[in-house]
Amino acid sequence: MIQVTDKAAKRIHELLVKEGLPQSAGLRLGVQGGGCSGLSYAMRMENEPRGSDQIVELHGARIFIDPKSHPYLDDITLDYEETLMRKGFLFQNPKATKTCGCGTSFAV
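Residues numbered from 1 in each chain as written. Predicted model: local features only at pLDDT ≥ 70, side-chain atom pairs only at ≥ 80, totals over all residues. Heavy atoms only, no water.

Participant: How should the packing of aromatic side chains be read in this particular structure?
Facilitator: Here a ring pair, both rings aromatic, is described through the centre-centre distance and the interplanar angle of the planes. Applying the stated criterion across every chain, the model contains two aromatic pairs. When the ring of Tyr41 is compared with that of Phe91, the centres are 3.9 Å apart and the planes differ by 5 degrees; the resulting orientation is stacked. Taken together, the residues Tyr41 in strand β3 (residues 39-46) and Phe91 in strand β7 (residues 87-92) connect sequence positions 50 residues apart. One exposure class covers both Tyr41 and Phe91, and it is buried. (Phe/Tyr/Trp six-rings, centres within 6.5 Å; stacked < 30°, edge-to-face > 60°. Helix = DSSP H or I, 4+ residues; strand = E, 2+ residues; numbered from the N terminus. Buried < 20%, exposed > 50% of the residue type's maximum accessible area, 1.4 Å probe, protein only.)

Participant: Just checking my understanding: could you explain the pattern of salt bridges for this structure?
Facilitator: If charged atoms from side chains of opposite charge come close, those side chains can pair. Applying the stated criterion to the full structure yields seven salt bridges. Of the charged contacts, one joins Arg11 and Glu14 as a salt bridge, the two residues approaching to 3.3 Å between their closest N and O atoms. Taken together, the residues Arg11 and Glu14, both in helix α1 (residues 6-18) and three residues apart, mark about one turn of the helix. Taking the relative accessible area as the measure of exposure, Arg11 reaches 22% and is therefore partly exposed. Classification of Glu14 by relative accessible area gives partly exposed; the value is 34%. Among the ionic pairs, Arg28 bridges to Asp53, the shortest N-O distance being 2.4 Å. Taken as a pair, Arg28 in strand β2 (residues 26-33) and Asp53 in the loop between β3 and β4 (54-58) lie far apart in primary sequence, 25 residues in all. (Salt bridge = Lys/Arg side-chain N within 4 Å of Asp/Glu carboxyl O.)

Participant: I'm lost on the environment of Gly38 in this one. Help?
Facilitator: Take Gly38: it is sitting in the loop between β2 and β3. For Gly38, a relative accessible area of 38% translates into the label partly exposed. Put simply, Gly38 and His13 are 25 residues apart on the chain and 30 Å apart in space, counted from C-alpha to C-alpha.

Function cannot be inferred from these measures alone, as they are strictly geometric.
Pasting the structure below:
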C-alpha cells in the first residue's frame, strides 16, 4: 500500500481542478525503464482508472497504479515539497537500492 501525505493529496486535487477533470479523475503513478538509475517514476492525470488498476484513495486524492508498476511502488510515500530551491513531488521508496541525484530514477 502506498502512502500519500496531506500536502501531496492537496496538490493532486489542485491539479485536477486546474485541468477541469471530472470527479472520477486521478493521478496515474507508474514506473518505466530509463533514467540514470534504471527505472523512472511516471506521473500523469487521467479521467478514470483502467480495469486492471489498483486504486488508492487517501486524503481525498485518487491514485491509479497499473499491475506492472505496483511491485515497485508498494510501500512508497508520495510527498509534495515547495521551497525556494525546489517545487514538486517527492518519492520515498524503501525498496530503492540506488537513486539518482534528482530523485526521479531508482534501482531495486
